[in-house]
Amino acid sequence: MNVTVNGESREVADGATVADLLAELGLPASGIAVAVDGEVVTRAWHARTVLTDAAGVEILTAVQGG
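Now for a look at the structure at hand. (Residues numbered from 1 in each chain as written. Predicted model: local features only at pLDDT ≥ 70, side-chain atom pairs only at ≥ 80, totals over all residues. Heavy atoms only, no water.)

## A closer look at the overall build of the chain
Applicable threshold: Numbering goes from the N terminus for both helices and strands, where a helix is a DSSP run of H or I of at least four residues and a strand is a run of E of at least two. Throughout, radius of gyration means the C-alpha value; the globule benchmark is 2.2 Å times the number of residues raised to the power 0.38. Burial here depends on accessible area, computed with a 1.4 Å probe over protein chains only, as a share of the maximum for the residue type. Under 20% is buried, over 50% is exposed, and the range in between is partly exposed. Contacts are residue-level and defined by heavy atoms, with any inter-residue pair within 4.5 Å sufficient.
Regarding its fold elements, the chain presents one helix and five strands. Walking the chain from its N terminus toward its C terminus, one meets helices and strands in the order β-β-α-β-β-β. Here the chain has a C-alpha radius of gyration of 11 Å; the compact-globule value for 66 residues is 11 Å, and the two agree. With the C-alpha coordinates of the chain rotated into their principal frame, the extents come out at 40 × 25 × 20 Å. Residues classed as buried in the chain amount to 30% of the 66 residues present. For the chain, contacts bridging at least 24 residues in sequence account for 53% of all contacts bridging at least 6.

## Considering the sheet that holds strand 5 (residues 56-61)
Stated precisely, the cut-off is as follows: Here the rule is simple: two strands pair whenever DSSP picks up at least two bridges between them. Each axis is a line fitted through C-alpha atoms, and for a helix only the stretch in contact is used; angles between axes span 0 to 180 degrees, taken between their N-to-C directions.
In space, the five strands of this open sheet follow the order 2-1-5-3-4, with mixed pairing throughout. With one partner strand each, in any of the chains shown, strand 2 (8-11) and strand 4 (39-41) form the two edges of the open sheet. For this sheet, the mean inter-axis angle between neighbouring strands, taken without regard to orientation, is 35 degrees. Inspection of the sheet shows strand 3 (residues 32-36) paired to strand 4 by three bridges, in the antiparallel sense. Bridging across to strand 4, Ala-35 finds its partner in Val-40.

What follows is the structure in structure tokens.
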């Protein structure tokens, strides 16, 4: 199925979760914020939130500096 991640189309397996997507992208579970279809998904829910076809996923990473 296809999802949109930060504005780019991406193919993921049926039944993939937010945690699966993050692992596929090589991103850590901490230090990021995830929203699916405009709703924030807390880290505790990453493994329980199943992505649907055409879902819009936004991933933000924390950056430190000044």
